[in-house]
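Architecture at a glance
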Amino acid sequence: MLHIGRATRIVSMLVVVAVAYGAGVLTGVLGGSDHDAAARSARASAAPSAASGLLEQAATTIQQNAAKPISRSDLDKAAVEGMLQALGDRWSSYFSPDDFSSFEDVMDGQYTGVGLWLHRDSTGNVTVLSVQAGSPGDEVGIRSGDIVTSVAGKSVAGSSVADIVAALRGDDGTEISLTYQRGGASHAVTLRRSSVATGDVSAKIAGSVMVIDVRTFSKGVAGKVKQFDTTAQTRRLKGIVLDLRGDPGGLLDEGVSTAAVFLDGGVVTTFTRRNAPPLTLYAKPGGDTRTPLAVLVDGGTASAAEVVAGALQDRNRAVVVGSRTFGKGSVQEPKELSDGSAIEFTVGSYSTPSGRSLDGVGITPDVVVAQGVSASVAEQQAIEVLSGLQANSRTSGHG
């Protein structure tokens, strides 16, 4: 099993880092003559030796000579972000100690903020991937697909998603302004931050069917899904709709364990990282393989959520209903640094049980729901699909 700890959680939080360094042209360089040789020699002797390292030498030189003062911590951060930039990895990011602590709070299912999941799309826009139900963002009417243009009066252009998310978080009861675009129209709102219990799993009964809604794969989600599945069996419900719409992912092990709720062992996904043999992750035996199951997805279904949907589709355990998913087939891993900050970057990729890579492709539903229909209509179509599965179960079987 992949170890999921404070500094080694395999996660799929949708972030992309902005360019930390830009090319510059230096003009008006001060010249000198031979009588400056002594001064140059004195400066050279004061400079760090090559043995102390190129980055140390550069930082010290900048601090001693730059016209604009800058702290060593800012230089260190810029250097780290520059290294991540060199990867060309759109999912990489740097977290300050406070930001990393907040990030872990989200994965643990509790944080203080406005309830928005953001990502930077292929056009460079910072887009709302999903909105936590009942959160400040939900209350002011922000919706999935809205484009965030400014936070606290500052344009988001050039800022990393991690920095934007950090700005949206803050003390309970404080306010933050946000501007977003929808359909070409601009909207300005003020949000009052609150403690958001992610409420990552909820369920309801619609007629003879249970609808289990998973918002994010944070800690403990699989156990809650298992409890709801047990309730559905106890009440002899005729099927389950696993709603993964707008689910941006989360902890990979929670995704694997969630898929295992509906599988009797077998492959869930295969994880491949550099210089290591592929690691196949299996479901534990004994899952519910009898209750008819439909998985509801859309363009906001990503990463760990796609692992679940892809596994259940490939294993012929569920009918996938909805629209094509996001298509994120890579895995990120945060590594904590000595000062409590962290870097997150892509460490590998995953494939479905049949060997499919979903990166840039996504999952094509078995039953396509027209884009633009209301959430309730899409849910009803999934329920109708379950009715068909129930009818088939009475005329066919597995030998």
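Everything numeric in this text was worked out from a predicted model, so none of it was measured. (Residues numbered from 1 in each chain as written. Predicted model: local features only at pLDDT ≥ 70, side-chain atom pairs only at ≥ 80, totals over all residues. Heavy atoms only, no water.)

Brief notes about the overall build of the chain
The helix and strand inventory of the chain stands at 10 helices and 19 strands. Expressed as a percentage of its 399 residues, the buried residues of the chain come to 47%. If you take every contact in the chain between residues at least 6 apart in sequence, the share linking residues at least 24 apart comes to 70%. Accessible area for the chain stands at about 19,100 Å²; split by element, carbon and sulfur atoms hold 52% of it. (Helix = DSSP H or I, 4+ residues; strand = E, 2+ residues; numbered from the N terminus. Buried < 20%, exposed > 50% of the residue type's maximum accessible area, 1.4 Å probe, protein only. Contact = heavy atoms within 4.5 Å. Areas by Shrake-Rupley, 256 points an atom, 1.4 Å probe, with all protein chains shown as cover.)

Focus on the pairing of strand 10 (residues 201–206)
Across six bridges, the pairing between strand 10 and strand 11 (residues 209–214) is antiparallel. Directly across from Ile205, in strand 11, lies its bridge partner Met210. Where strand 10 folds back on strand 11, the antiparallel hairpin that results is connected by two residues, among which Gly207 adopts a positive phi of roughly 65°. (Pairing = 2+ DSSP bridges.)

Observations concerning the nonpolar core
The nonpolar side chains of a soluble globular protein tend to be buried, and buried together. Counting 40 residues, the largest nonpolar core has Leu242, Leu244, Val295 and Leu312 as the members making the most contacts within it. Looking at which element gives the most residues to this core, the answer is helix 9 (residues 304–314), with seven residues. Once residues lying within four places of it in the same chain are set aside, the contact partners of Leu242 are Ile212, Val214, Phe262, Leu293, Ala294, Val295, Leu296, Val308 and Leu312. Counting residues in hydrophobic clusters, the runner-up holds 19 residues, among them Ile142, Val156, Val161 and Ile164. (Core = buried A, V, L, I, M, F, W, Y, C linked by side-chain atoms within 4.5 Å.)

Details of the pairing of strand 11
Counting buried positions along strand 11 yields six of six residues, so the element is predominantly enclosed. Along strand 11, one buried face is formed by Val209, Val211 and Asp213 and the opposite face, lined by Met210, Ile212 and Val214, is buried too. Direction of pairing for strand 11 relative to strand 12 (residues 239–243): parallel, over a ladder of five bridges. When the bridges of strand 12 are listed, Ile212 appears paired with Leu242. In this view, the connection linking strand 11 to its parallel neighbour strand 12 by way of helix 7 (residues 221–234) has right-handed handedness. (Right-handed = clockwise from strand over helix to strand, strands pointing away.)

What about helix 8 (residues 252–260)?
With seven of nine residues buried, helix 8 is to be regarded as a mostly interior element. When we look at burial in helix 8, the residues that qualify are Leu252, Glu254, Gly255, Val256, Thr258, Ala259 and Ala260. Among the structural elements, helix 7, strand 13 (267–273), strand 14 (279–282) and helix 9 are those in contact with the buried residues of helix 8.

Notes on the packing of helix 2 (residues 54–65) against helix 3 (residues 72–87)
Contact pair helix 2 / helix 3: the axes reach a minimum separation of 11 Å and the direction vectors enclose 135°. Taken as axis vectors, helix 2 and helix 3 run oblique relative to one another. The crossing of helix 2 and helix 3 is right-handed. Across from Leu55, Glu56, Ala59, Ile62 and Gln63 in helix 2, the residues of helix 3 making contact are Arg72, Leu75 and Met83. Across the contact of helix 2 with helix 3, the residue classes tally to five nonpolar, one polar and two charged. (Axes fitted to C-alpha atoms, helices over the stretch in contact; angles between N-to-C directions. Parallel < 35°, antiparallel > 145°, perpendicular 65-115°, else oblique. Left-handed = near helix turned anticlockwise from the far one by under 90°. Nonpolar A, V, L, I, M, F, W, Y, C, P; charged D, E, K, R; others polar.)

Comments concerning the side chain of Thr352
Within the secondary structure layout, Thr352 lies in the loop between strand 18 (342–351) and strand 19 (367–368). Of note is the side chain of Thr352, whose polar atom sits 2.5 Å from the side chain of Asp314. Filtering out sequence-adjacent residues up to four positions away, Thr352 remains in contact with Gly310, Asp314 and Leu358. (Polar contact = N/O pair within 3.5 Å; in protein donor to acceptor, adjacent residues only side chain to side chain.)

Overview of the packing of aromatic side chains
Under the defined criterion, the tally for this structure stands at two aromatic pairs. A ring pair is formed by Phe95 and Phe100, whose centres lie 6.3 Å apart and whose planes are at 45°; its orientation type is tilted. According to the relative accessible area criterion, Phe95 is buried, its value standing at 3%. The exposure class of Phe100 is buried, given its relative accessible area of 0%. Across the ring face of Trp91, the terminal group of Lys328 is positioned such that the distance to the ring centre comes to 4.9 Å. (Phe/Tyr/Trp six-rings, centres within 6.5 Å; stacked < 30°, edge-to-face > 60°. Lys NZ or Arg CZ within 6 Å of the ring centre and 35° of its normal.)

Description of the sheet that holds strand 16 (residues 319–322)
Read from one edge to the other, the open sheet built from six strands follows the order 10-11-12-15-16-19, with strand pairing classed as mixed. Edge positions in the sheet fall to strand 10 and strand 19, since each has one partner strand and no second.

Concerning the confidence of the model for the chain
The pLDDT averaged across the chain works out to 82; a share of 83% of its residues lies at or above 70. For the stretch residues 1–52, pLDDT sits under 50, and the model shows 93 contacts to residues farther than four places along the chain or on other chains. Under a pLDDT of 50 for its full length, residues 392–399 has, in the predicted model, zero contacts with residues more than four places off or in other chains. (pLDDT = per-residue confidence, 0-100.)

Here's the deal with unusual backbone geometry
With phi around 55°, Ala152 is a residue other than glycine that occupies positive phi space. Examined against the element boundaries, Ala152 turns out to sit in the loop between strand 5 (147–151) and strand 6 (154–155).

Describing the environment of Gly170
Looking at the element boundaries, Gly170 is found in the loop between helix 6 (161–168) and strand 7 (175–182). Take Gly170: its relative accessible area is 29%, and that puts it in the partly exposed class. Setting aside residues up to four positions removed in sequence, Gly170 forms contacts with Thr112 and Arg193.

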